[in-house]
Amino acid sequence: MVQTVGLIEILGQSGLLERLDEPTKSQACLDYQILIDLVKNKKDKRIQGIGDDFIPDSDLYNAIGSIYPLLNREQKNKVIEAHLNQFDRLNYPAVNLNHTPNIREPLLLADITIIRPLYWPGLNDEKRLWDGKEDFTKLQKEIISEEGLFDSTKVKNDFLVAYALIRKDLTPFGEEYIQIANPDFLNRVVKGIVALRFAGSKVEEIDSRRNRLYELLPKTIHPRIDPLRQEADWAYSEQFN
């Protein structure tokens with residue numbers, strides 16, 4: 001158990017695959033079912049003073065989230081179910097204000113949102129990071145490493161910050177960020193965005209949804225959209241209650 005606790009702390013503080021070394025990835029993949037069960041079966045008492053809620057276990061959410069991209073779809077569905085087992089006990093405002101804002105991995109947060117749209121935390125708090133900054137260079141120095149990843153001590157949710165940064169209606173820094181972002185992480189950000197936009201869409205809705213992404217995202221992202229849409233590697237609501 002001590003070993004598992006230590007692994008959870010390492011994985012949880014990392015939150016993303018790109019922050020893990022190979023031995024940690026390998027151990028986490030071996031223990032993935034343990035991590036899923038810990039999320040699913042965790043029992044938390046309501047905390048007086050914060051209403052119908054409990055203190056989020058961010059390390060536990062992000063421990064399994066950090067290796068989520070390495071799992072197959074059946075395993076990913078078990079991860080989603082484990083989180084829903086916790087979140088469905090709460091009123092949705094508690095979830096989207098206090099729990100899902102802590103899930104760093106784009107694919108996990110996107111899949112949970114596809115199944116429970118009301119759990120999406122929104123792009124509400126990210127603006128504070130670049131508010132008042134006239135150029136991208138200062139922002140880059142403050143929160144982005146040489147590897148193109150965010151400083152996890154300054155950014156609570158990598159997906160939400162990246163999504164907001166590349167939204168043309170929210171910041172002018174999208175193209176500059178894309179140029180220096182970690183390519184694997186950025187691809188999952190775009191994949192998560194595409195999943196949120198197209199999951200459950202009808203054929204007649206595809207053109208309008210694609211055009212909306214063209215409006216929101218920088219042109220360099222546009223060629224990625226249709227291949228990811230056609231891949232359709234996201235959660236399907238009919239597989240969940």
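Quick caveat: nothing in here was measured; it's all calculated off a predicted structure.

What counts, and where the lines are drawn
- Residues numbered from 1 in each chain as written.
- Predicted model: local features only at pLDDT ≥ 70, side-chain atom pairs only at ≥ 80, totals over all residues.
- Heavy atoms only, no water.
- Salt bridge = Lys/Arg side-chain N within 4 Å of Asp/Glu carboxyl O.
- Helix = DSSP H or I, 4+ residues; strand = E, 2+ residues; numbered from the N terminus.
- Buried < 20%, exposed > 50% of the residue type's maximum accessible area, 1.4 Å probe, protein only.
- 1 Å grid on protein atoms, 1.4 Å probe; cavity = no way out; pocket = protein on both sides within 12 Å on 5 of 7 lines; lining within 4 Å.
- Points joined across faces, edges and corners; volume = space filled by probe spheres on them.
- Nonpolar A, V, L, I, M, F, W, Y, C, P; charged D, E, K, R; others polar.
- Axes fitted to C-alpha atoms, helices over the stretch in contact; angles between N-to-C directions.
- Parallel < 35°, antiparallel > 145°, perpendicular 65-115°, else oblique.
- Contact = heavy atoms within 4.5 Å.

So, the pattern of salt bridges
Thinking step 1. Following the criterion strictly, the structure yields 19 salt bridges and no others.
Thinking step 2. A salt bridge links K42 to D57, with the nearest nitrogen and oxygen atoms 3.2 Å apart. Of this pair, K42 sits in the loop between α3 (32–41) and α4 (58–66) while D57 sits in the loop between α3 and α4; the two residues are 15 residues apart in sequence, bridging distant segments of the chain.
Thinking step 3. A relative accessible area of 26% places K42 in the partly exposed class.
Thinking step 4. One salt bridge connects D226 with R229, and the closest N-O pair in it is separated by 2.9 Å. Here R229 and D226 lie together in helix α13 (residues 222–231), a separation of three residues that amounts to about one turn.
Thinking step 5. R229 gets classed as buried once you look at its relative accessible area, which sits at 18%.

Digging into the layout of surface pockets
Thinking step 1. Its boundaries defined by the atoms lining it, the largest pocket holds a volume of some 230 Å³.
Thinking step 2. The wall of the largest pocket is formed by 15 residues, among which P101, D125, E126, K156 and L160 lie closest to the centre.
Thinking step 3. Mapped onto the lining of the largest pocket, the elements with two or more residues apiece are α6 (92–98) and α9 (158–166).
Thinking step 4. Residue classes in the lining of the largest pocket are distributed as seven nonpolar, four polar and four charged.

Examining the packing of helix α7 (residues 106–115) against helix α11 (residues 183–198)
Thinking step 1. At a closest axis distance of 8 Å, the pairing of α7 and α11 adopts a crossing angle of 5°. By the angle between their directions, the pair α7 and α11 is classed as roughly parallel. Counting all contacts with α7, which are made through P106, L107, A110, T113 and I114, the residues of α11 involved are F185, R188, V189, K191, G192, A195 and L196.
Thinking step 2. Within the contact of α7 with α11, the residues separate by chemical class into eight nonpolar, two polar and two charged.

Any functional reading would require information that these geometric values do not contain.
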